[in-house]
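Structural description and commentary
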Amino acid sequence: MQSFFRPDNIGVIVTWIGAICTLGLYSILYRENKVFRFFEHLFIGLGVGYGLVITWTDVLKPRWWDPMVAEGQWWWAAALPAALLFYTVYSRRNAWMSRLIFGFFFGLTAGQAFQRYAAVQFPLIRSAVNVPLINPPEVTAPGAYWMTPISAPLNNLIFLVIVVSVMSYFFFSYEQKNKAVLGTSKLGRYLLMFAFGAIFGSTIMARLSLLIGRLYFLLHDWLHLAS
Amino acid sequence: MNLLNRLQNIDSRLLYLLLALVVSVPLIFPIPAGKAVVLPQSRSFFDSVERVTGDPVAQKKLVIVSFSFSASTATENLSQADAILRHLMARRMKIALFSFSDPQGRDLAQGLAERIAPEYGYQYGRDYVNWGYKSGDPAPNIKSLSRDIYGTIGKDIKGTPLAQIPLMQNYKSVNDVAMVVEISSVSSLEYWLGYFAAAGENRIPINYGCTAVMAPEAFPFLKSGQISGLLNGLTGAGEYEALILQAKYATQPGFGSRASASLSFAHFLIILLIVVGNVSMIVLRRQQAAAAAREAR
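Residues numbered from 1 in each chain as written. Chains lettered and ligands numbered in written order. Predicted model: local features only at pLDDT ≥ 70, side-chain atom pairs only at ≥ 80, totals over all residues. Heavy atoms only, no water.

**Describing the confidence of the model for chain A**
Worth spelling out the cut-off: On a range of 0 to 100, pLDDT expresses the predictor's confidence in each residue. Only DSSP runs of H or I covering at least 4 residues are called helices, and only runs of E covering at least 2 are called strands; the numbering of each starts at the N terminus.
On average, residues of chain A score 89 in pLDDT, and 92% of them are at 70 or above. At the low end of the mean pLDDT range in chain A sits helix α5 (residues 151–169) of chain A, at 88; at the high end sits helix α1 (residues 10–26) of chain A, at 95.

**Observations regarding the pairing of strand β5 (residues 206–210) of chain B**
Residues in a regular strand project their side chains so that they alternate between the two faces of the sheet. Residues and elements named next belong to chain B. Rules: Here's how the labels work: a residue is buried when its accessible area is under 20% of the maximum for its type, exposed when over 50%, partly exposed in between, all with a 1.4 Å probe on protein chains only. Strands are treated as partners if at least two bridges between them are detected by DSSP. Here the term right-handed applies to a crossover when the path leading from its first strand over the helix to its second strand runs clockwise, the strands being oriented away from the viewer.
By the criterion of burial, β5 is predominantly enclosed, with five of the five residues buried. Residue alternation in β5 divides its side chains into two sets, Ile206, Tyr208 and Cys210 and Asn207 and Gly209, and both sets are buried. Both strand β4 (residues 177–184) and β5 contribute to a ladder of five bridges, which runs parallel. Of the residues in β5, the one forming a bridge with valine 181 is asparagine 207. Note that the unit made of β4, helix α9 (residues 189–195) and β5 has a crossover that is right-handed. Where β5 meets strand β6 (residues 229–232), four bridges bridge the pair, whose relative direction is parallel. Paired with tyrosine 208 across the two strands is leucine 230, which belongs to β6. In terms of handedness, the path from β5 via helix α10 (residues 215–223) over to β6 forms a crossover that is right-handed.

**Let's talk about the interface of chain B and chain A**
Note the threshold: By definition in these notes, contact holds between two residues if any of their heavy atoms fall within 4.5 Å. When two parts are brought into contact, each loses some accessible area as probed by a 1.4 Å sphere; the total of that loss over both is the buried area. Salt bridges, as used here, are contacts in which a Lys or Arg side-chain nitrogen is within 4 Å of a carboxyl oxygen on Asp or Glu. Counting of polar contacts relies on pairs of N or O atoms within 3.5 Å, with two restrictions inside protein: one atom must be capable of donating a hydrogen and the other of accepting it, and residues adjacent in sequence are counted only when both atoms are side-chain atoms.
Contacts between the two partners involve 64 residues from chain B and, on the opposite side, 48 residues from chain A. Regarding the contact of chain B and chain A, the summed buried area is about 4700 Å², with carbon and sulfur atoms giving 64% of it. At the junction of chain B with chain A, the criterion picks out two salt bridges. Aspartate 58 of chain A is paired through a salt bridge with arginine 106 of chain B; the nearest N and O atoms lie 2.6 Å apart. Our count for the contact surface shared by chain B and chain A stands at 14 residue pairs in polar contact (both at pLDDT 80 or more).

**A short note on the sheet that holds β5 of chain B**
Residues and elements named next belong to chain B. Formally: Orientation is described by lines fitted to C-alpha atoms, with helices fitted over the stretch in contact, and by angles between N-to-C directions that extend from 0 to 180 degrees.
Taken in spatial order, the six strands line up as β3-β2-β1-β4-β5-β6 in an open sheet, and their pairing is parallel. A single partner strand is all that each edge strand has here, and the edge strands are β3 (128–133) and β6. Strand after strand, the sheet turns through a mean of 15° between neighbouring axes, direction not considered. Running over the sheet, helix α3 (residues 40–54) touches β4, β5 and β6 and is turned about 130° from β6. On top of the sheet, helix α11 (residues 233–246) reaches β5 and β6; it is set at about 115° to β6, its chief contact.

**Considering the pattern of salt bridges**
Residues and elements named next belong to chain B. Applying the stated criterion across every chain, the model contains 14 salt bridges over all chains. In this structure, aspartate 82 and arginine 86 form a salt bridge, with 2.7 Å as the shortest nitrogen-oxygen distance. Here arginine 86 and aspartate 82 lie together in helix α5 (residues 74–90), a separation of four residues that amounts to about one turn. With respect to class, aspartate 82 is no different from arginine 86; both count as buried. Note that aspartate 107 is salt-bridged to arginine 106, the shortest N-O span being 2.9 Å.

**Points about the nonpolar core**
All names here are of chain B. Basically, it comes down to this: Among the buried residues, those of types Ala, Val, Leu, Ile, Met, Phe, Trp, Tyr and Cys that are joined through side-chain atoms within 4.5 Å form a nonpolar core.
Residues Trp131 and Trp192 are the most contacted members of the largest nonpolar core, which totals 40 residues. Per-element tally for this core: the top contributor is α9, with five residues. Counting residues in hydrophobic clusters, the runner-up holds 37 residues, among them Phe67, Leu85, Ala113 and Ala250.

**Some remarks on the domain arrangement of chain A**
Residue and element names in this part refer to chain A. Operational definition: Start and end points for every domain follow an automatic or database-based domain assignment. Polar here means any residue outside two lists: the nonpolar Ala, Val, Leu, Ile, Met, Phe, Trp, Tyr, Cys and Pro, and the charged Asp, Glu, Lys and Arg; Gly therefore counts as polar.
Parsing chain A into structural domains produces domain 1 (1–72) and domain 2 (146–227). For domain 1 and domain 2, the distance between their C-alpha centroids amounts to 37 Å. Domain 1 puts seven residues into the contact, and the matching count from domain 2 is seven residues. Each partner contributes to the roughly 640 Å² buried at the junction of domain 1 and domain 2, and carbon and sulfur atoms together form 79% of this total. When the area that domain 1 buries against domain 2 is broken down by residue, the three leading residues are Thr15, Thr22 and Tyr26, summing to 59%. At the boundary of domain 1 and domain 2, one finds zero salt bridges. Inspection of the region where domain 1 meets domain 2 yields one residue pair in polar contact (both at pLDDT 80 or more). Residues of the side of domain 1 that touches domain 2, tallied by class, amount to four nonpolar, three polar and no charged.

Written out as structure tokens, the structure reads:
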């Protein structure tokens, strides 16, 4: 008798497992249940296990283990006790040692972040304050095909109104009593809500995309109903 | 219970079922697609790739395609990657696949490239290579990559040292890179902008494909010119598929185009439910207020 698990059946088996996992995870939509919990834990476990294996095969083995063991670069052994310092956080007596390695990486990361902040944020700030209302220069920014001599200053004006209104909403240093300031601040609040609405709309689009992907898998790969 | 009360108390499971039906019907019975609407940010992405691939100097350089996502957002990100890789392969660019934010990106990239490559006559090691996953803090990884590609990557996913791969013979630093395409579901773009784009003799164009959730935060980078183009989720993938189809770089529409009807139908259903829910709520409140006023009299 030929085994069901022969190579030409592997694709079918994988699809069935994928379909069962998908349905198990979507069972939460009906109500909280143990099947969902099982597949949730399975998914998290798989993700972590996969990450560990890839970290070993792609990073630790070729960059640390092999040079240390096979290529005579014995000094890589010093990385092991340094890395183990992270785990001293679990011992009340030795937890102070973890601060050494955490402190080292905090310093390293902070230094890198300063450089990144300057390189990433300064052009953004420059672009945000460069909004001429009269005779704006030709817009060369990518995606700005719709910018014309009329729409460009109008766009800049709208941008300016939004920035001023939203910033006035965040002036908490003094009580806002002046009617003009109150009105601008209120406008800022509405504009913020527009922005949050746009972000939330994008979030819905993203979630629906994921649903479509899973349903396509069920209908196309599993049930062969979709084209 | 009258109709208004019922509309206010619809069982959420019924709504999920309705949503699943609305999404499924266009997938089972495809609707003939009209002319695709391509938004400026997607067009800009396409034009940027065209500019780079049309430049004789840049043609000899490498394009890095970074897969910073996992299977959970594959519907959006993998559809984008599919269209972008087809464009790059049709334009005969040398490609390095890379993953530094998520270990799953490494195999998603390889699976996709192995599926597409034969259609364009691409061979592993000659036309494209997979640098695999590099864990740890992305900042030193990307910074180091700009100076020394061999030293930072070491070996590809098959365990071959980069120096022994035919494709990688002439690509050693940021100056040998023509463009970076970051396809992401996490905030990884800033590493390329901060440590790579301006690290060489000339500024490297960065193109960005992200999930729809992240797109609103990415638009300022487009306005400031820090990124050359932006693909917004599954919609962006569909738009890019339309562009490469129009340019005859692909022979048939991809998943992004096929899913667009489902996405539109689902949006329509949600808008309809929001309107119905709000109208019924307002009318119900007015009725309750009127009833309370009558009782008070």
